[in-house]
Amino acid sequence: MPVRQWDPAYKAKIVLEGLQGKPETAICKRHRIKPAEYRRWRKQFLAQIARSYQSPSRQSTDTSAVVPGPPRGEDESSKALRVAHEMIEVLPIPVYFKARDGKHLGANKAWEAYFGVERESFIGKTVQELFSHTPEVAAKHQAADEDLWRSPGTRSYELQVPVHDGSIRHTLNYKATFAGADGKVAGLIGTIIDITERKRAEQRQAIEYRVTRLLSESETVAAAMPGVLAAFCESIGWACGTRWSMDSKAAGFRCEEAWSIDDSEIAAFLAASRESTYQPGQAGLVRRVLGTGQPVWIVDIAAEESFLRGKQAAKAGLRSAFALPIRLGEQVLGALEFFHRDERLPDEWLLNTGVAIGSQVGHFMARKQAEGELRRSEARFRSLTALSSDWYWEQDEQFRLTFMSSRFVERTGIDPAPYLGRRRWDRPALNLTESDWERHRAQLERHEPFFDFEMERASPDADSVWLSVSGEPVFDEDLRFRGYRGVGTDITERKRAQGVLRAAYDELARSNAELQQFAYVASHDLQEPLRMIGSYTQLLERRYGDKLDRDAHEFMDFIVDGATRMKQLIEDLLAYSRVGTRGKELRPVQAQAILERVLINLRGAVEQSGAAITYGPLPEVRADDTQLAQLLQNLIANAIKFRKKDEAPRIHVGAEDAGDEWRFAVADNGIGIEPQYFDRIFMVFQRLHTQDEYPGTGIGLAICRKVVERHRGRIWVESAYGKGSTFRFTLPKIQKGET
């Protein structure tokens with residue numbers, strides 16, 4: 001088999017790919033060469049580079065050869081070297097050469113442009129001279145060089161360096177030694193890849209994730225903001241931050257929360273900032289932000305006469321500052337302000353990142369305000385739900401009634417025998433027309449759940465009885481339709497009282513608003529005693545812990561744990577009750593985009609558990625995007641929580657076309673569920689494990705079920721105990737003409 005012939009110029013091109021940071025395995029796979037062959041080419045290439053520096057034709061006094069040329073003559077070796085030098089000179093990334101003593105031998109045009117230093121003036125100088133104002137950068141480069149001299153080969157490392165415009169850039173540095181004619185290391189060739197944008201994108205994502213987690217775990221704005229300010233300042237290296245809000249009563253604005261590094265002078269400055277209320281205006285820092293809704297940057301606060309707190313800030317050792325709005329759409333809700341100890345020029349990336357955080361905080365503030373607007377109908381709905389369980393009924397695949405519990409007779413006085421074995425519409429209802437029955441039949445044929453279907457039936461005493469029934473379709477393990485099951489209630493008294501209720505409608509509307517405020521206060525006040533119990537129990541343990549015996553310590557642990565679980569239970573109950581009443585309008589949303597947002601929210605749990613989450617293409621559906629995210633997040637979080645002890649979670653999310661609806665699935669390799677619990681797990685407070693095994697309140701899957709039902713879908717589980725579970729739910733497809 002003939003040996004493949006490689007053009008010397010092509011060899012040089014392949015070697016240069018490695019010098020730009022491309023992995024050796026990727027290079028070899030792409031060009032179909034063996035690693036040993038690639039390494040031999042690289043060794044030859046670097047040896048040729050070394051010979052070009054040692055060429056007798058290159059005079060030591062010639063400083064114009066910033067990238068040395070090949071020896072005269074155009075043999076194969078010279079051709080490869082010439083091509084290599086030409087490639088190096090036009091590469092868009094900085095390339096440089098150093099001698100064994102650490103002095104620069106040459107560099108390409110990109111190096112000159114990157115650092116703003118004339119190449120000719122730098123030959124023969126060291127890295128300490130290039131980074132004379134940042135000795136820590138020079139020391140990092142020097143350490144890498146010395147490591148290469150001790151162990152020749154290749155190295156790579158990341159480093160932040162100052163460049164020609166004064167900004168700090170993130171760089172990825174690659175270095176490789178080359179040998180001289182005597183076989184000894186003669187120097188090194190290095191390349192620099194600017195990874196600033198990638199690093200900033202990662203940093204912004206980390207900041208937004210941390211802020212999102214803090215906001216999701218906080219009950220109030222005041223509780224969340226110190227952590228948010230700390231997260232932002234610590235991530236960007238700034239000394240302190242504050243949040244400002246408008247005070248409508250004082251007709252001004254004031255500092256609400258603050259965070260700073262451990263510094264008494266900065267703490268005193270922030271304390272002074274919080275003591276006063278400032279009047280609106282067009283000068284200063286926060287004033288301008290609140291007035292214009294735009295970010296403002298001050299390079300030197302001591303020189304900014306309009307900044308009223310400038311002298312106090314300078315006394316605390318602060319130099320630069322910037323502020324940005326907290327927004328909800330076009331509405332400015334407040335401002336965030338940050339200070340640095342050094343002089344900092346305006347940074348567009350930093351401002352954009354801060355504006356994004358301000359938007360997160362704005363949405364959090366709006367959400368917390370909205371959560372306080374509870375309606376009286378929630379309590380009424382819970383009451384009616386309890387009444388609707390008066391009796392239980394079942395239908396087969398042909399919609400014939402097959403079972404009615406004994407309480408039907410107790411509640412209505414009607415004999416169920418004439419109805420069993422027949423369809424609901426086979427016997428007349430005084431209030432329903434043929435069109436009404438036709439709509440009901442169509443709903444059943446679509447296998448949709450239905451709620452509060454009202455019928456007026458004749459009763460034995462020649463009067464009539466009003467019945468309300470609700471039902472859901474039943475499917476077997478093979479997803480075959482098996483009929484309906486549901487509950488019913490006698491609503492006769494309610495119907496008779498409707499006239500009275502209508503007359504009292506205006507009064508109810510007024511009192512409903514008052515109850516919303518009451519429910520808001522109650523939801524928070526219910527948790528305050530729990531926080532006090534936990535706090536004072538911990539205080540007792542710290543103050544008198546050495547005077548208490550082991551039983552007392554154990555009892556206090558029980559108290560704290562009980563208060564914590566009760567707090568979580570209240571939060572979960574509120575979340576469960578709001579699914580049907582606090583949801584947003586359903587609109588077309590991309591399910592895949594929502595899943596990707598959910599995976600960002602769950603990043604901490606994924607990394608901690610080592611979970612591997614995959615997903616296929618997900619469709620566009622008509623949904624409440626917040627509740628759909630809550631549904632997916634609950635299912636994936638459960639898959640992570642209920643994992644096997646000795647195996648990392650593997651989770652897959654997918655969707656398939658099922659006619660008029662989309663059928664979603666969240667599959668895992670967890671501990672599984674026994675068949676007798678398939679229905680029970682979707683009910684409130686139904687737990688299959690103790691708190692010690694798997695903590696929780698038993699409301700998560702009940703919330704999932706309410707969300708799916710609100711979207712006119714259904715949810716169920718398929719599982720093999722010990723082998724994992726697949727939770728499936730359906731959502732109707734978007735029909736033509738829907739927007």
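Residues numbered from 1 in each chain as written. Predicted model: local features only at pLDDT ≥ 70, side-chain atom pairs only at ≥ 80, totals over all residues. Heavy atoms only, no water.

Draft legend 1. How the structure looks around the pattern of salt bridges. All chains considered together, the criterion is met by 43 salt bridges. Close ionic contact of R446 with E448 constitutes a salt bridge, the shortest N to O distance being 2.9 Å. Residue classification places R446 among the partly exposed residues on the basis of a relative accessible area of 48%. Because the salt bridges share partners, they merge into one network encompassing E397, D476, D478, R480 and R482. (Salt bridge = Lys/Arg side-chain N within 4 Å of Asp/Glu carboxyl O. Buried < 20%, exposed > 50% of the residue type's maximum accessible area, 1.4 Å probe, protein only.)

Draft legend 2. Summary view of helix α25 (residues 625-641). Taking 1.5 Å per residue, 17 residues should reach 24 Å; α25 reaches 24 Å between its end C-alpha atoms and fits that length. The buried fraction of α25 amounts to twelve of the 17 residues, a majority that puts the element mostly inside the structure. (Helix = DSSP H or I, 4+ residues; strand = E, 2+ residues; numbered from the N terminus. Expected span 1.5 Å × (residues − 1).)

Draft legend 3. Layout of the packing of helix α9 (residues 196-217) against helix α14 (residues 348-371). Taken N-terminus to C-terminus, the directions of α9 and α14 make an angle of 20°; their axes are 11 Å apart at the nearest point. Between α9 and α14, the angle is such that the two are roughly parallel. The chirality of how α9 crosses α14 is right-handed. In this structure, α9 contributes R200, Q203, R204, I207, E208, V211, T212 and L215 to the contact, and α14 contributes W349, N352, T353, A356, I357, Q360, V361, F364 and R367. Tallied by class, the residues present in the contact of α9 with α14 amount to eight nonpolar, five polar and four charged. (Axes fitted to C-alpha atoms, helices over the stretch in contact; angles between N-to-C directions. Parallel < 35°, antiparallel > 145°, perpendicular 65-115°, else oblique. Left-handed = near helix turned anticlockwise from the far one by under 90°. Contact = heavy atoms within 4.5 Å. Nonpolar A, V, L, I, M, F, W, Y, C, P; charged D, E, K, R; others polar.)

Draft legend 4. Local environment of the packing of helix α23 (residues 591-601) against α25. Here α23 crosses α25 at 55°, and the two axes come no closer than 9 Å. Classified by the interaxial angle, the pair formed by α23 and α25 is oblique. Handedness of the α23/α25 crossing: right-handed. Residues A591, I594, L595, R597, V598, L599 and N601 of α23 lie in contact with α25, whose contacting residues are D625, L628, A629, L632, Q633 and I636.

Draft legend 5. Highlighting the confidence of the model for the protein chain. Counting all residues, the mean pLDDT for the protein chain is 80, and 80% of those residues have values of 70 or more. Scored below 50 in pLDDT, residues 55-65 shows ten contacts in the model against residues more than four places distant or in partner chains. Confidence over residues 374-388 falls short of pLDDT 50; this stretch has 23 contacts with residues more than four positions distant or in other chains. (pLDDT = per-residue confidence, 0-100.)

Draft legend 6. Broad picture of the side chain of K98. With respect to the element layout, K98 can be found in strand β1 (residues 95-99). K98 sits in the buried class, given a relative accessible area of 2%. A polar contact is formed between the side chain of K98 and the side chain of D145, at a distance of 2.6 Å. If we skip the residues at most four places from it in the chain, K98 touches K103, H104, L105, V127, D145, K175, F178, A186, G187 and L188. (Polar contact = N/O pair within 3.5 Å; in protein donor to acceptor, adjacent residues only side chain to side chain.)

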